[in-house]
Amino acid sequence: MKEDFYKYQAQTSPNPLAMEISHAKGSYIYDKNNKAYLDFVAGVSACTLGHQHERVNNAIKDQLDKYSHVMVYGEYIQDPSVEFCKLLAENIPAPLNKTYLVNSGTEATEGALKLAKRVTGRSQLISCFNAYHGNTMGSMSVMGFEERKRAFRPLLPDVDFIHFNCVEDLQKITTKTAGIILETIQGGAGFVEPFDGFLTKVRERCTEVGALMIVDEIQPGFGRTGKLFGFQNYDVVPDVIVMGKGMASGMPVGAFTASDEHMNLLYDNPRFGHITTFGGHPVIAAASLATLRELVETDLMAQTLEKEKLFRELLVHPLIEEIRGRGLMIAPMTPSADITNRVIMKCQDKGLILFWLLFEGKAIRITPPLTVSETEIKEGCAIIIEALNEVQKELGL
């Protein structure tokens, strides 16, 4: 199987981890030798409720027994899609009340960028340096990391960049700007949080010049930071929310949400301003609905902050310089990318899955399922400390 994996399946890097998966349950993934790995990555923030969550699985099975794909997006009324959009609207601030369901976070980004241009009649887009919003051409155009996109130019014109948390740079948002897109917490950059009211100041500047504020909640969204969406921690209401990843507990999905007034501009002049065949797929929507119901009907979101405290208490080591992030989206920072690489690989050998961040080589990604237990957190942190001790000894630090 490994030989066929390299021969027939396109790769994303020269050195994939290439673990052969047998099955997964709760917070654990098992390889073909039935070795258990405690999962502190959750499919890169996607498996919100862990693996094989009963409520999500039952919703998928029940929907499969009724119908699967029947019509392109937006033509037929399908219960799980409508119910999800309604429940979402009931749990976010007005006027954000209409959701367009798509297939992935990057498609949601594409739709949001189009919406900003349609609403304002303007062309300029602004993003942040070290931002990541997806890997299709429009999303890549607002990626703030030239090394990753240089080979694919030309990309969208009229895109400018500001520094995250730099208030002075907000003057770049002008009456020529259609919208600014920014992550609530910068993911690839190393789980960098906004500070000193930065998001509020972005909101104020957008309102002043008539530009749309688009927040990318693809990673922070769906309970990972203690609120349903990360922006709810910072006393701000954007014009558009982009979401994906954890929305359906591991199923492929994305969406963008805006006001009724704004979203309705996409269906006329021109008609079909954004279209998708499989967006709002009823089976995926059923998984999304089950995930959202579990989050709003339990205290899982509040628990993330208590679990964050436990991680911070346990992950104390001379090679951990700081821990960035919020809730169950945190990143211990080591002195170098080499140390981080060694720790991640040692932990995998010891049965703990960690991962990297896109642009910040010193960061260790910790984004476990929201359902991770206190016992599992203690187990995983003990492995991390053990790996750090070994690296410290090997390097004579």
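Residues numbered from 1 in each chain as written. Predicted model: local features only at pLDDT ≥ 70, side-chain atom pairs only at ≥ 80, totals over all residues. Heavy atoms only, no water.

Caption draft 1: Region of the structure containing the packing of helix α12 (residues 337–349) against helix α13 (residues 374–395). At their nearest, the axes of α12 and α13 sit 9 Å apart, and the two run at 130° to each other. Taken as axis vectors, α12 and α13 run oblique relative to one another. In this structure, the crossing between α12 and α13 has a hand that is right-handed. Within the contact between the two elements, α12 uses Asp338, Ile339, Arg342, Val343, Lys346 and Cys347 and α13 uses Ile383, Ile384, Ala387, Leu388, Glu390, Val391, Glu394 and Leu395. (Axes fitted to C-alpha atoms, helices over the stretch in contact; angles between N-to-C directions. Helix = DSSP H or I, 4+ residues; strand = E, 2+ residues; numbered from the N terminus. Parallel < 35°, antiparallel > 145°, perpendicular 65-115°, else oblique. Left-handed = near helix turned anticlockwise from the far one by under 90°. Contact = heavy atoms within 4.5 Å.)

Caption draft 2: Representation of the sheet that holds strand β2 (residues 28–31) in the model. Taken in spatial order, the four strands line up as β1-β2-β3-β13 in an open sheet, and their pairing is mixed. Bordering the open sheet on either side are β1 (21–25) and β13 (352–353), each of which pairs with just one other strand. Pairing of strand β3 (residues 36–39) with β13, which is carried by two bridges, proceeds in the parallel orientation. Of the residues in β13, the one forming a bridge with Asp39 is Ile353. (Pairing = 2+ DSSP bridges.)

Caption draft 3: The arrangement of the pattern of salt bridges in detail. Under the criterion given, the structure shown has 20 salt bridges. Between Asp260 and Lys98 there is a salt bridge, with the nearest N and O atoms lying 2.7 Å from each other. With Asp260 in helix α9 (residues 260–263) and Lys98 in strand β4 (residues 96–102), this pair connects stretches of sequence that are 162 residues apart. A residue is classified by how much of its surface remains accessible, and Asp260, at 31% relative accessible area, is partly exposed. For Glu386, the salt bridge is made with Lys350, and the minimal N-O distance between the two is 2.9 Å. Of this pair, Glu386 sits in helix α13 while Lys350 is found in the loop between α12 and β13, placing the two residues 36 residues apart along the sequence. (Salt bridge = Lys/Arg side-chain N within 4 Å of Asp/Glu carboxyl O. Buried < 20%, exposed > 50% of the residue type's maximum accessible area, 1.4 Å probe, protein only.)

Caption draft 4: Local environment of the side chain of Thr99. Relative to the assigned elements, Thr99 resides in strand β4. Here Thr99 falls in the buried class, since its relative accessible area comes to 9%. Within polar-contact distance, the side chain of Thr99 engages the side chain of Thr257 at 2.7 Å. When residues no more than four places from it in sequence are discounted, the contact partners of Thr99 are Tyr73, Cys85, Leu88, Ala255, Phe256, Thr257 and Met263. (Polar contact = N/O pair within 3.5 Å; in protein donor to acceptor, adjacent residues only side chain to side chain.)

Caption draft 5: Layout of the environment of His317. Its location among the elements puts His317 in the loop between α11 (300–314) and β11 (322–326). Each C-alpha atom, one on His317 and one on Ile384, is 9.7 Å from the other, the two residues being 67 residues apart in sequence. If we skip the residues at most four places from it in the chain, His317 touches Ile385, Leu388, Asn389 and Gln392.

Caption draft 6: Representation of the packing of aromatic side chains within the structure. All told, the structure shown has eleven aromatic pairs when counted by the stated rule. Seen in terms of ring centroids, Phe40 and Phe311 are 5.3 Å apart; in terms of plane orientation they differ by 75°. Their pairing is edge-to-face. Of the two residues, Phe40 is situated in the loop between β3 and α2 (42–45) and Phe311 in helix α11; the sequence distance between them amounts to 271 residues. Take Phe40 and Phe311: they sit in the same class, and that class is buried. Taken together, a centroid distance of 5.2 Å and an interplanar angle of 65° make the contact between Phe355 and Trp356 edge-to-face. By relative accessible area, which is 25% here, Trp356 ends up partly exposed. Cluster of aromatic residues (ring-pair linked, three or more members): Tyr73, Tyr100 and Phe256. (Phe/Tyr/Trp six-rings, centres within 6.5 Å; stacked < 30°, edge-to-face > 60°.)

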